[in-house]
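Residue-level structural notes
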Amino acid sequence: ATTTVTIGGTGKAWSAAKLAAVPHQVPAGSQQVSCAGTGTCAAILTYLDSSEHQRSLLASLSNGTWKEEPAPEPTGALHGKTDIKSVSCGGPGSCVAVGTYSTKNGAFGLVETLAGGSWTPSKVAQNGTTFLDSVSCAAANYCVAIGEGLMTHGSNLVPAVAATEAGGFWSTTLVHIPKNLPVAL
């Protein structure tokens with residue numbers, strides 16, 4: 001199976017490009033694309049592999065050619081337990097994808113960085129369980145991601161973690177929710 005990505009040219013004409021087949025690919029969740037300019041884009045696709053593990057595919061467009069690869073897993077990640085949720089490009093060839101990966105000790109925020117045509121995973125510094133759901137990059141090496149973390153509202157997950165990148169370094173901040181603010185879960 002292949003996934004077709006529709007790409008634009010001048011805004012008047014559209015063409016389709018096929019990403020390479022991923023064995024036993026079955027779309028299973030997140031699908032998103034971000035472009036930093038003409039001919040430089042990144043896309044994510046979540047799929048089920050032949051063992052029914054949810055996996056994420058990262059693709060990048062450079063000089064008119066799509067290159068795709070399964071999302072690299074950070075050291076200690078359980079195989080098939082990496083879930084990319086969002087992607088944003090802050091400049092040509094400079095994109096960031098965020099999500100979650102699982103280890104035998106829990107789930108943690110994950111950042112995949114595109115540089116030089118390759119994706120590199122990194123862990124986000126955090127205390128406790130963190131899930132990153134969305135990212136936006138205003139420029140290369142300046143991004144903000146939001147997600148959930150275990151907070152003081154019992155053991156419930158609430159939108160409470162902001163991760164920021166400045167100059168290639170990520171840090172997380174708990175977003176404090178006022179005690180009188182109702183939280184719908």
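Quick caveat: nothing in here was measured; it's all calculated off a predicted structure. (Residues numbered from 1 in each chain as written. Predicted model: local features only at pLDDT ≥ 70, side-chain atom pairs only at ≥ 80, totals over all residues. Heavy atoms only, no water.)

Things to note about the overall build of the protein
What the protein contains, in helices and strands, is zero helices and 14 strands. Overall, the protein shows an N-to-C arrangement of helices and strands of β-β-β-β-β-β-β-β-β-β-β-β-β-β. Counting over 185 residues, the protein shows a buried share of 38%. Excluding contacts between residues fewer than 6 apart, the proportion of contacts in the protein whose partners are at least 24 apart in sequence is 37%. (Helix = DSSP H or I, 4+ residues; strand = E, 2+ residues; numbered from the N terminus. Buried < 20%, exposed > 50% of the residue type's maximum accessible area, 1.4 Å probe, protein only. Contact = heavy atoms within 4.5 Å.)

Describing the nonpolar core
For soluble globular proteins, the rule of thumb is that nonpolar side chains tend to be buried together. Ranked by size, the top nonpolar core spans 14 residues in total, and within it L58, I84, A97 and W119 carry the most contacts. At the level of elements, β4 (40-48), β7 (82-91), β8 (94-103) and β9 (106-115) are the ones that each hand at least two residues to this core. In this structure L58 touches A43, I44, K67, E68, E69, A71, P72, I84, A97, E112 and W119, once residues within four positions along its chain are discounted. Listed in part, the ten residues of the second largest apolar core include V98, V124, V135 and C143. (Core = buried A, V, L, I, M, F, W, Y, C linked by side-chain atoms within 4.5 Å.)

Side note on the pairing of β9
As judged from the nine bridges shared by β8 and β9, these two strands associate in the antiparallel manner. Within the sheet, the bridge partner assigned to C95 lies in β9 and is L114. What sits between the antiparallel neighbours β8 and β9 is a turn of two residues. In terms of strand pairing, β9 meets strand β10 (residues 118-123) through six bridges, oriented antiparallel. If you follow L114 over to β10, its bridge partner there is W119. Hairpin connection from β9 to β10: two residues lie between these consecutive antiparallel strands, with G116 at a positive phi of about 65 degrees. (Pairing = 2+ DSSP bridges.)

What about the sheet that holds β7?
Pairing in this open sheet of four strands is antiparallel, and the strands run β7-β8-β9-β10 from one edge to the other. The sheet is open, and its two borders are formed by β7 and β10, each paired with just one other strand. Neighbour-to-neighbour, the strand axes of the sheet open up by a mean angle of 25 degrees, direction not taken into account. (Axes fitted to C-alpha atoms, helices over the stretch in contact; angles between N-to-C directions.)

Notes on the state of the cysteines
Applying the stated criterion across every chain yields a total of three disulfides. Here the cysteine-cysteine linkages of the protein are recorded as 1-2, 3-4, 5-6, numbering only bonded cysteines and doing so in sequence order. (Disulfide = S-S within 2.5 Å.)

Some details on the side chain of D83
Within the element layout of this structure, D83 appears in strand β7. Engagement of the side chain of D83 in a polar contact is seen with the side chain of K85, the distance being 3.2 Å. Ignoring sequence-local partners within four residues, the contact set of D83 consists of T46, Q54, S56, G99 and T100. (Polar contact = N/O pair within 3.5 Å; in protein donor to acceptor, adjacent residues only side chain to side chain.)

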